[in-house]
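# Chain and residue survey
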Amino acid sequence: MSSTSPPTSCTSRFRRVTSCAESPYRAGSDSAAWTDSTRSARSSASAARACSRSDRAEASSGDVELLARLRMRRPDKPLPYADCWDSPEAYVEQLLEFSTTSDTFQILCGGVHILDFFTNDPGIFQVAIPQDWQPYILQCEPMRFLDLLMRDDLDAVLEPPPPESLVEYIRTIRKFSLAREFSPTKEKLPKLTRMVSVGMKPKKIHEVSNFANYVDTLAKDIAIDYHKEITHFVDFGSGQNYLGRALASSPYNRQIIAVEGREHNIVSAKELDMHAGVSEKPRVIRNKKLYMQKLDSMVPEGQLDERALKRAANPAKPSSQYVPDFRPINVSEAIYTPEDGKGFIRYIEGRLESGDLADVIRQVEHDPLADADENGRNDPSLMAISIHSCGNLSHHGIRSLVLNPRVQAIAIVGCCYNLMTEKLGPPTYKHPYMRPSLQALNGRVVRESERRDPQGFPMSDRLCSYNDAGIRLNITARMMACQAPQNWTEAESDGFFTRHFYRAVLQKMFLDRGVINKICHNDKLTNDDGSYQSPFNVSTNPVIIGSLRKSCYGSFKSYVRGAITKLTTNSEYHEYCDIIGEKMLDVTDEEIARYEESYGPRKRELSAVWSLMAFSAIVTESLIVTDRWLFLRQHPDLVQDSWVETVFDYRESPRNLVVVGVKRPTPTSVFIEPRQYT
Ligand SMILES: C[S@@+](CC[C@H](N)C(=O)[O-])C[C@H]1O[C@@H](n2cnc3c(N)ncnc32)[C@H](O)[C@@H]1O
């Protein structure tokens with residue numbers, strides 16, 4: 001890992017809080033730090049109630065811990081589960097049981113893939129959807145069905161009445177789904193300046209404004225409750241550093257360590273820093289007259305303008321050593337000057353492969369301009385933060401709390417669960433519906449589950465060892481967990497139902513024309529005559545098509561033609577191009593029309609299954625987030641407190657759950673409050 005900004009710092013950044021009065025945030029309980037938060041409405045009395053209920057056992061382990069717990073303005077519940085659950089334990093226990101015993105849930109979350117919708121007979125709708133639901137679903141308009149799943153009051157009289165078992169399934173998914181409502185802070189968030197928000201879309205402005213305020217407030221709480229000032233925020237996967245730039249700017253003025261795996265993102269981030277005034281352009285000292293003269297000499301004779309001719313008439317006399325500097329401004333030489341009371345950004349380029357921040361911390365500890373001790377070391381105290389922390393990057397951010405003594409807290413918002421790897425290996429007979437993550441014929445070779453990646457899902461011992469087999473999520477389940485079905489509009493859903501329908505019918509054409517084959521997942525589940533004992537034991541090879549030009553989605557014929565052209569001209573997979581060419585190039589328009597005619601009437605089957613998959617996957621996301629929280633909870637010796645809550649409006653940004661962890665304070669830094677508070 002290499003630091004790409006000059007090793008600079010300022011003394012205030014490493015100032016240690018040695019007494020209560022020294023903390024800039026300790027202005028009493030009515031200060032901004034205590035009121036400016038979505039959590040401000042939650043009184044310490046309700047925190048006490050939460051403690052007395054679910055956390056009684058832990059709280060009784062000492063007055064000091066109880067005190068810290070009461071003061072820290074965490075939500076009443078450590079997970080935003082529905083009110084029907086008495087405790088986090090009850091929620092977790094039932095969630096795990098449901099997700100490993102409900103056939104319908106397991107089929108819809110990892111048992112079926114939309115590609116195989118028409119490749120078997122009977123099709124997926126017939127085998128995946130309980131029979132008594134089928135007639136109701138088929139008469140239901142797609143948008144009406146989405147309302148039933150996510151918005152209708154299930155206690156009201158519904159016309160026509162849905163089957164009782166379907167209503168029961170919907171209730172169950174709803175009660176296991178972590179709540180996503182977001183109550184914006186009562187006070188106005190500091191507005192990002194025009195310069196700081198350059199490059200951000202409204203969604204990013206919403207995320208950055210809310211999250212910058214959230215982590216700043218959390219750090220202030222920690223400073224008050226633990227007497228431990230957070231000196232730096234480490235942003236995991238900072239991208240263009242929108243969040244870090246906002247935090248380094250007024251009113252936050254925080255010290256940021258932006259860790260990013262892609263160099264080009266750091267280059268763009270530095271350009272934006274210059275624009276926002278967080279850094280200065282590199283100074284190029286030039287003798288202007290000589291410099292202009294040199295530029296003039298590069299213009300072809302006869303093309304000089306009037307001013308250039310004037311300069312030529314009265315030339316400056318350069319010394320023989322003068323070499324004009326023509327280099328363009330180089331962002332990597334942008335000047336970041338530490339200033340007392342101001343924010344500062346340090347970029348570190350490198351790909352994090354775990355939560356171990358030893359390299360990063362070493363660079364911060366040995367920052368030559370910081371307020372060092374007699375051994376030349378600083379005393380940084382870090383909070384790991386991240387938004388849109390894709391795949392395992394979230395795991396690294398969360399693990400950093402237990403792996404690095406210098407990390408005092410974490411606040412991580414995940415996304416792109418499809419990019420997470422799998423820790424537990426391929427499914428076993430204990431996962432009768434789970435489709436293994438299959439290798440795409442024209443994709444890079446990824447045997448994800450076989451890698452058994454220790455950094456992958458699940459993180460917590462609880463999920464790893466649940467009922468011996470553990471909780472597994474294949475690629476299909478993880479991809480569906482990235483959907484936001486509550487946000488689907490009629491036009492959008494109609495668009496992707498059509499795209500999935502076209503893709504599923506094309507897969508059937510591929511199968512019929514011998515481009516792909518059927519794959520049996522488990523040979524032991526095959527009858528003597530070669531037939532399959534379970535419809536979930538068979539799939540077809542995925543073929544990656546990716547997106548096509550907009551015009552290709554106008555009709556099934558243009559879709560098929562566009563897909564064949566793309567697949568036969570792909571330069572990466574020559575071997576596969578040849579097969580598609582050989583098997584598909586002679587397809588006639590009449591044949592394409594026959595497929596469309598034969599499967600068209602079944603499009604509603606597909607939209608209903610896709611809707612049920614996305615709806616059920618809200619529980620998959622809840623499982624993923626709960627696993628992250630459980631991981632923090634399994635380290636009570638190190639982690640004082642941990643919780644999950646919403647930080648964004650789901651309509652703006654649906655991956656809106658933050659996982660927070662706060663390190664247990666060391667005995668010497670604990671603030672002892674008068675007895676009456678305990
Ligand atoms: C989805 S982007 C989010 C960027 C930024 N957090 C934001 O919200 O604007 C994820 C970023 O994390 C970076 N990234 C992903 N995995 C990483 C890793 N293991 N180490 C370092 N950076 C990583 C990617 O290069 C990308 O810039």
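Residues numbered from 1 in each chain as written. Predicted model: local features only at pLDDT ≥ 70, side-chain atom pairs only at ≥ 80, totals over all residues.

An unreviewed UniProt entry annotates the chain as Methyltransferase domain-containing protein originating from Hypoxylon rubiginosum.

Next up on the list: the site of the ligand. In the vicinity of the ligand lie 17 residues, with Gly237, Gly239, Gly261, Leu352 and His388 positioned nearest. If you list the elements that add at least two residues to the shell around the ligand, you get strand 3 (255–260) and strand 5 (382–390). The greatest single-element share of the shell around the ligand, amounting to four residues, is contributed by strand 5. Partitioning the shell around the ligand into residue classes produces six nonpolar, eight polar and three charged. (Near = placed C-beta within 6 Å. Helix = DSSP H or I, 4+ residues; strand = E, 2+ residues; numbered from the N terminus. Nonpolar A, V, L, I, M, F, W, Y, C, P; charged D, E, K, R; others polar.)

Moving on, we come to the packing of helix 21 (residues 490–512) against helix 24 (residues 589–599). Interhelical geometry of helix 21 versus helix 24 gives an angle of 125° and a closest axis separation of 11 Å. Classified by the angle their axes make, helix 21 and helix 24 are oblique. Crossing angle aside, the handedness with which helix 21 passes helix 24 is right-handed. Contacts between helix 21 and helix 24 involve Val505, Lys508 and Met509 from the former and Tyr595, Glu596 and Tyr599 from the latter. Residues that form the contact of helix 21 with helix 24 fall into these classes: four nonpolar, no polar and two charged. (Axes fitted to C-alpha atoms, helices over the stretch in contact; angles between N-to-C directions. Parallel < 35°, antiparallel > 145°, perpendicular 65-115°, else oblique. Left-handed = near helix turned anticlockwise from the far one by under 90°. Contact = placed C-beta atoms within 7 Å.)

Following aspartate 121, the chain continues to proline 122 via a peptide bond in cis, the omega torsion being 0°. Considering the arrangement of structural elements, one finds proline 122 in the loop between helix 6 (103–108) and helix 7 (124–128). Across the junction of phenylalanine 457 and proline 458, the peptide omega takes the value -5°, indicating a cis bond. Within the secondary structure, proline 458 sits in the loop between helix 18 (448–451) and helix 19 (461–465). Phi is positive for asparagine 253, which is not a glycine, with a value near 50°. Its location among the elements puts asparagine 253 in the loop between helix 12 (242–248) and strand 3.

A few words now on the nonpolar core. Residues Val215, Val234, Met383, Ala384, Ile410, Ala411 and Val609 are the most contacted members of the largest nonpolar core, which totals 142 residues. At 18 residues, the largest contribution of residues to this core is made by helix 25 (residues 603–633). No fewer than three residues from each of domain 1 (2–80 + 184–281 + 338–419 + 635–677) and domain 2 (102–176 + 429–447 + 465–475 + 482–633) sit in this core. Setting aside residues up to four positions removed in sequence, alanine 384 forms contacts with Val234, Phe236, Gly397, Ser400, Leu401, Val407, Ile410 and Ile412. (Core = buried A, V, L, I, M, F, W, Y, C linked by C-beta atoms within 7 Å. Buried ≥ 20, exposed ≤ 12 C-beta atoms within 10 Å, placed from the backbone. Domains from an automatic or database assignment.)

All right, on to the pairing of strand 3 then. Counting buried residues along strand 3, six of its six residues qualify, which places the element largely inside the surrounding structure. Summarising the sheet, strand 2 (residues 232–236) and strand 3 pair through four bridges and their orientation is parallel. Across the sheet, valine 234 pairs through a bridge with isoleucine 257, a residue of strand 3. Note that the unit made of strand 2, helix 12 and strand 3 has a crossover that is right-handed. One ladder, built from six bridges, connects strand 3 with strand 4 (residues 344–349); its direction is parallel. The partner of glutamine 255 across the bridge, within strand 4, is phenylalanine 344. (Pairing = 2+ DSSP bridges. Right-handed = clockwise from strand over helix to strand, strands pointing away.)

This part covers helix 17 (residues 392–403). The end-to-end C-alpha distance of helix 17, which contains 12 residues, comes to 16 Å, matching closely the 16 Å that a straight helix rising 1.5 Å per residue would cover. The buried count for helix 17 comes to 10 of 12 residues, which makes it a mostly enclosed element. Taken as a whole, helix 17 has its buried residues at Asn392, Leu393, Ser394, His395, His396, Gly397, Ile398, Arg399, Ser400 and Leu401. Buried residues along helix 17 sit in contact with strand 2, strand 5, strand 6 (407–415), helix 25, strand 9 (639–646) and strand 10 (657–663). (Expected span 1.5 Å × (residues − 1).)

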